[in-house]
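Coordinates in review
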Amino acid sequence: MSELPTGTVTFLFTDIEGSTRLLHELGDAYADELAEHRRVLRDVSSAHGGVEVDTQGDAFFIAYARARDAISAAAEAQRALRSGPIRVRMGIHTGEPLRTDEGYVGMDIHRGARIAAAGHGGQVLVSQTTRELVSNDLAEEFVLRDLGEHGLKDLSRPQRIFQLVGDGLERDFPPLATLENRPTNLPPQPTPLIGRQRELAEVVELLRSPDVRLLTLTGPGGAGKSRLALQAAADLLDDFGDGAFFVGLAGIADPSLVLLSIAQALGVKETGGLSSAEALGAFVRDRELLLVLDNLEHVLDASSQVSDLILKAPSVKAILSSRAPLRVSIEREYPVPELADRDAVALFSERAQAIKPDFRLNGDGPTVALICRRLDGLPLAIELAAARAKVLSPHALLERLDRRLPVLTGGPRDVPDRQRTLRDTIAWSYELLDESEQRLFSRLAVFAGGFTLRAAERVCDADLDTLASLVEKSLVRQGEDRFRMLETIREFALERLEESGELERIRRRHLDFFLEFAGSEKSEVDREGAEWLDCLEVEHDNFRTALEFARGLDDPRLELRLASSLADFWEHQGHLAEGLERIREALGSDPDGPADIREPALQWGSMIALKKGDFETARQLAEEKKRQAAALGDEAGVGSSIQLLGNLATAEGRYDEARVLLEQSKSIRKRLGDELGLQSSQHNLGLLEMDQGDYGRARQELQSALAISEKHGLQRARANNLCDLAFAELGDGSGNASSRFREALSACAQLRWRENIAYCLVGCGAVAIAGGNLEQAGHFLGQADRLCDDLPLRLETYAQAVGDQLEQDLRSRLGEDRLEALRAEGRLLSMEDAVSEALLALDR
């Protein structure tokens with residue numbers, strides 16, 4: 001893509017006319033003809049300086065730095081293809097598109113494609129913009145014939161179109177396939193549809209299916225349902241001999257007026273004693289029509305009338321936009337999804353450039369992408385945000401989006417009032433709810449990041465029917481086992497909850513529910529399991545919300561209880577910085593809290609601080625834990641505190657002191673018969689021996705620890721011991737390191753334990769380089785780097801030494817540039833792909 005022209009660029013779009021028919025007519029020969037067509041286009045475009053931007057099926061998109069070159073290439077290609085069975089329509093347009101890593105974005109791209117689509121096989125159409133550029137530079141052999149203004153199927157304002165005429169080119173064609181030449185009242189739109197190519201193709205395909213008679217596009221306000229329906233209707237104009245007609249229903253409140261509105265759009269009047277409904281039925285019965293019924297959600301009582309009308313007219317279909325389905329037998333529902341990142345960024349850029357012509361993404365692409373994600377990919381929200389680009393940079397706009405609704409105002413004056421601010425758009429849906437739906441809608445705003453049915457029942461007194469109704473009305477989204485609100489909608493719902501006076505009561509119920517959830521009575525084995533940790537991860541935003549609410553209450557023990565219940569989760573999942581901050585805040589808010597609540601927070605907080613390299617905090621928490629345990633006569637608590645201090649001494653290189661402390665901890669646990677604690681002591685003694693290079697003694701301690709972990713089914717402890725045993729066998733060259741790393745990596749992958757996967761990948765790199773697999777070793781090193789950066793993670797001394805040696809060996813054998821390239825490739829691998837590659841390598 002680096003060679004794509006920038007600045008003012010001319011686009012050539014091509015597409016084969018009647019490709020499906022040709023496939024049936026030519027059979028196997030079609031493949032050869034298609035290949036020849038592609039060869040001709042590529043050879044000609046290259047000869048004239050064209051750069052191929054994209055190829056989809058039989059369509060080409062080619063960019064030229066000069067408009068004259070594009071016209072010459074199109075003419076030469078048409079001459080070369082004229083003698084064959086394939087006829088190609090071509091469109092040429094010039095503009096100043098936005099350049100991205102993946103190509104171009106902007107209205108000019110869409111306009112050029114629509115110009116090409118309006119033509120016929122053998123015809124070259126040229127936009128007025130291109131014509132003006134070449135008016136004094138056109139080769140004498142060519143003339144641009146003015147075909148007048150035409151409304152294109154992108155529904156934007158009419159465009160003046162010219163036909164390229166010259167020797168060897170066909171001159172006479174049927175009328176252009178534009179809106180003027182089809183029976184329709186589809187309203188022109190101020191801008192073409194940005195993105196939605198996948199959704200548009202799916203909707204068009206559905207409406208072409210004989211089984212689909214009535215298609216309802218559903219989604220929240222601002223999702224772009226109406227625009228998608230209109231574009232699909234424009235693309236289907238050639239499929240309906242009697243046209244496509246738009247019926248806007250937002251302005252009517254009486255369901256009995258729906259059929260009358262359809263009749264008025266079609267120009268049907270009451271005649272011969274027939275009512276308007278009867279006259280409409282008689283009019284559509286034998287016609288091929290596509291009806292676009294827009295904004296039906298507030299007149300759903302007319303659903304059966306609309307269904308009856310379609311059923312009695314076998315060649316009539318309807319596409320509807322509604323925030324809720326009709327619930328009739330012939331309906332097919334199509335939920336309109338959020339915009340994909342790339343399309344959302346393109347829409348923002350397009351709308352920003354419309355009000356600020358010098359707007360360019362430059363280095364702000366990631367910021368704009370984040371803005372669009374914060375706005376849930378809703379086209380209306382993105383357009384309203386882009387309107388602020390005139391006075392706010394993308395970074396400044398992002399900072400203001402913590403409260404979205406006040407920012408998202410000031411839409412165009414020529415759209416309905418409810419679409420001029422996002423709040424009005426959502427309010428339109430809210431006001432259509434009954435009292436029980438409104439009450440549940442506002443209460444559900446207490447959840448962050450989604451919720452389960454059980455949580456909604458317990459916290460909000462939800463019943464399934466009312467929740468299902470909110471899903472149906474596009475105010476709540478349903479996944480496989482969770483529900484969620486788009487954040488823009490949730491903000492509106494939270495405002496309603498505050499107004500209701502229920503906010504504090506519902507938030508307290510939310511806190512109580514997640515306190516109970518996090519503190520569920522589970523064995524150590526259960527709490528280590530990937531499934532339980534995944535459950536906690538899914539609810540992490542709800543836990544954050546609950547902690548923030550608890551901090552403002554009079555009872556500080558609520559915050560401490562929740563933080564203590566989550567401490568092992570934060571450590572296991574690598575949320576080290578957040579976990580340590582929240583633990584310290586909770587401990588500080590209740591310094592005199594009960595020992596049984598403070599103990600896990602002190603224990604895990606010290607462990608997290610040690611992993612982060614915050615040795616002073618680790619020491620403070622461990623010593624406080626020891627003092628607390630001693631005061632209570634809790635010998636087991638003293639033993640675990642001494643182990644924490646021993647681990648700290650190991651990390652700081654005070655090995656003699658560390659050995660005394662860890663042996664003391666081990667002795668206490670032996671005396672108490674605490675096998676789980678003994679396993680931990682032996683494991684940490686093994687790490688100490690490895691740091692000092694005594695791999696034989698390390699293996700003895702780690703093998704004893706492994707036996708205990710396997711006896712008691714401690715999944716994480718087993719994976720941990722396997723990983724460190726592999727490093728011990730790597731260090732003493734016993735020859736079993738490869739099989740040990742394979743076993744360890746499999747166990748860690750099953751637990752999705754990113755921290756220990758990083759350790760294993762460092763070891764796999766050492767095994768790979770020993771076997772001469774230098775490129776794989778570079779990949780493993782890169783992926784381990786990425787995991788360490790993402791967590792973030794500081795490797796233990798023994799593993800860091802292996803990693804440093806691996807890097808040094810690879811650099812000396814591959815050179816700096818090749819090593820860095822391999823590391824970069826490794827960083828791009830997903831964790832799952834890196835694990836798969838490592839397991840395959842270890843099997844060899």
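Scroll up for the structure.
Residues numbered from 1 in each chain as written. Predicted model: local features only at pLDDT ≥ 70, side-chain atom pairs only at ≥ 80, totals over all residues. Heavy atoms only, no water.

**Let's talk about the overall build of the protein**
Secondary structure summary: the protein contains 38 helices and 16 strands in total. The proportion of buried residues among the 844 residues of the protein is 55%. A fraction of 72% describes how many contacts in the protein between residues 6 or more apart in sequence connect residues 24 or more apart. Carbon and sulfur atoms provide 47% of the accessible area of the protein, an area that totals close to 35,900 Å². Where the 101 positive side-chain charges of the protein centre and where its 141 negative ones centre are 2 Å apart. (Helix = DSSP H or I, 4+ residues; strand = E, 2+ residues; numbered from the N terminus. Buried < 20%, exposed > 50% of the residue type's maximum accessible area, 1.4 Å probe, protein only. Contact = heavy atoms within 4.5 Å. Areas by Shrake-Rupley, 256 points an atom, 1.4 Å probe, with all protein chains shown as cover. Lys, Arg positive; Asp, Glu negative; His and termini not counted. Charge placed at Lys NZ, Arg CZ, Asp CG, Glu CD.)

**Quick word on unusual backbone geometry**
Unlike most non-glycine residues, Asp461 shows phi in positive territory, near 55 degrees. With respect to the helices and strands, Asp461 occurs in the loop between α17 (453–460) and α18 (464–472). Phi at Ser474 is positive, roughly 70 degrees, even though this residue is not glycine. As for its placement among the helices and strands, Ser474 is situated in the loop between α18 and β15 (477–478).

**Quick word on the packing of helix α11 (residues 341–355) against helix α13 (residues 379–386)**
Here α11 crosses α13 at 35 degrees, and the two axes come no closer than 8 Å. Viewed along their axes, α11 and α13 form a crossing whose handedness is right-handed. Along the contact surface, α11 presents Ala344, Leu347, Phe348, Arg351, Ala352 and Ile355, while α13 presents Pro379, Ile382, Glu383, Ala385 and Ala386. Here the residues of the contact of α11 with α13 are counted per class, giving 9 nonpolar, no polar and 2 charged. (Axes fitted to C-alpha atoms, helices over the stretch in contact; angles between N-to-C directions. Left-handed = near helix turned anticlockwise from the far one by under 90°. Nonpolar A, V, L, I, M, F, W, Y, C, P; charged D, E, K, R; others polar.)

**Considering the sheet that holds strand β14 (residues 331–335)**
Taken together, the 5 strands give an open sheet; going across it, the order is β11-β12-β13-β10-β14, and neighbouring strands pair in parallel fashion. The open sheet is flanked by β11 (244–248) and β14, the only strands paired with a single partner. When strand polarity is set aside, the average angle formed by the axes of neighbouring strands in this sheet is 20 degrees. Pairing of strand β10 (residues 214–218) with β14, which is carried by 5 bridges, proceeds in the parallel orientation. The residue of β14 that forms the bridge with Leu215 is Arg332. (Pairing = 2+ DSSP bridges.)

**Comments concerning the packing of helix α15 (residues 422–430) against helix α19 (residues 487–500)**
Between α15 and α19, whose axes approach to 10 Å, the crossing angle comes to 70 degrees. By the criterion of interaxial angle, the relationship of α15 to α19 is roughly perpendicular. For the element pair α15 and α19, the recorded crossing hand is right-handed. Facing α15, whose interface residues are Leu422, Arg423, Ile426, Ala427 and Tyr430, α19 presents Thr488, Ile489, Phe492, Glu495 and Arg496. (Parallel < 35°, antiparallel > 145°, perpendicular 65-115°, else oblique.)

**Some remarks on the nonpolar core**
Within the largest apolar cluster, 100 residues are counted, with the highest numbers of intra-cluster contacts made by Phe348, Phe441, Leu444, Phe447, Phe451 and Leu562. Not counting chain neighbours up to four residues away, the residues in contact with Phe348 comprise Phe359, Val368, Ile371, Cys372, Ile382, Ala385, Ala386 and Leu397. Of all hydrophobic cores here, the second largest spans 54 residues; its members include Met690, Cys723, Phe727 and Ala744. (Core = buried A, V, L, I, M, F, W, Y, C linked by side-chain atoms within 4.5 Å.)

**Describing empty space enclosed by the protein**
Applying the stated rule across the entire model yields 3 cavities of 30 Å³ or more. Size it by volume and the largest cavity reaches roughly 50 Å³. The wall of the largest cavity is formed by Glu571, His572, Gln573, Gly574, Leu576, Trp753, Arg754, Glu755, Leu791, Pro792 and Leu793. By residue class, the composition of the lining of the largest cavity is 5 nonpolar, 3 polar and 3 charged. (1 Å grid on protein atoms, 1.4 Å probe; cavity = no way out; pocket = protein on both sides within 12 Å on 5 of 7 lines; lining within 4 Å. Points joined across faces, edges and corners; volume = space filled by probe spheres on them.)

**Quick word on helix α7 (residues 225–235)**
α7 sits mainly inside the fold: 9 of its 11 residues count as buried. The set of residues buried in α7 consists of Lys225, Arg227, Leu228, Ala229, Leu230, Gln231, Ala232, Ala233 and Ala234.

**With respect to the sheet that holds strand β3 (residues 59–64)**
Pairing in this open sheet of 7 strands is mixed, and the strands run β2-β3-β1-β4-β7-β9-β8 from one edge to the other. Edge positions in the sheet fall to β2 (51–56) and β8 (142–150), since each has one partner strand and no second. Taken over all neighbouring pairs, the strand axes of this sheet differ in orientation by 25 degrees on average, direction set aside. In terms of strand pairing, β8 meets strand β9 (residues 159–166) through 7 bridges, oriented antiparallel. Across the sheet, the residue bridging to Phe142 is Gly166, located in β9. Here helix α2 (residues 29–47) sits on the sheet in contact with β1 (9–16), β2, β3 and β4 (88–95), set at roughly 5 degrees to β3. Set on the sheet, helix α4 (residues 107–117) makes contact with β1, β3, β4, β7 (124–127) and β9; between it and β4 the angle comes to about 150 degrees.

**Focus on the side chain of Arg582**
Counting through the fold element by element, Arg582 comes out in helix α25 (residues 576–589). Assessed through its relative accessible area of 12%, Arg582 is described here as buried. Sequence-distant contacts of Arg582, that is, excluding residues within four places in its chain, are made with Arg544, Leu547, Glu548, Arg551, Ala563 and Trp570.

**Details of the pattern of salt bridges**
Across all of its chains, the model carries 73 salt bridges by this definition. Between Glu170 and Arg87 there is a salt bridge, with its nearest N and O atoms 2.8 Å apart. Here Glu170 is found in the loop between β9 and α6 (197–208), whereas its partner Arg87 is found in the loop between α3 (67–81) and β4, with 83 residues between them in sequence. Residue Arg87 is classed as partly exposed on the basis of its relative accessible area, which comes to 32%. Two residues, Asp590 and Arg557, come together in a salt bridge whose shortest N-O distance is 3.5 Å. Pair noted here: Asp590 is in the loop between α25 and α26 (595–612) and Arg557 is in helix α24 (residues 557–573), with a separation of 33 residues, a long-range link. Looking at Arg557, the relative accessible area reads 38%, which means it is partly exposed. Each of Asp785, Glu807, Arg811, Glu816, Glu820 and Arg823 takes part in a single network of salt bridges with overlapping partners. (Salt bridge = Lys/Arg side-chain N within 4 Å of Asp/Glu carboxyl O.)

**What to know about the environment of Ala265**
Relative to the elements of secondary structure, Ala265 occurs in helix α8 (residues 258–266). Residues Ala265 and Asn185, 80 residues apart in the sequence, show an inter-C-alpha distance of 7.9 Å. Ignoring any residue separated from it by four or fewer positions in sequence, one finds Ala265 in contact with Asn185, Phe245, Phe246 and Val247.

**Some thoughts on the packing of aromatic side chains**
In the structure shown here, the tally under the stated rule is 22 aromatic pairs. Taking the centre distance of 6.5 Å and the plane angle of 90 degrees together, the rings of Phe727 and Tyr759 count as edge-to-face. Within this pair, whereas Phe727 is found in helix α32 (residues 715–732), its partner Tyr759 is found in helix α34 (residues 754–770), the two being separated by 32 residues in sequence. Taking relative accessible area as the criterion, Tyr759 reaches 5% and is therefore assigned buried. Three or more aromatic residues joined by ring pairs make a cluster, and in this case those are Phe447, Phe451, Phe483, Phe513, Phe514, Phe517, Trp532 and Phe543. Over the face of the ring belonging to Phe283 we find Arg287, whose NZ or CZ atom lies 3.7 Å from the ring centre. When the ring centre of Phe492 is taken as origin, the NZ or CZ atom of Arg496, which lies over that ring, is 4.3 Å away. (Phe/Tyr/Trp six-rings, centres within 6.5 Å; stacked < 30°, edge-to-face > 60°. Lys NZ or Arg CZ within 6 Å of the ring centre and 35° of its normal.)

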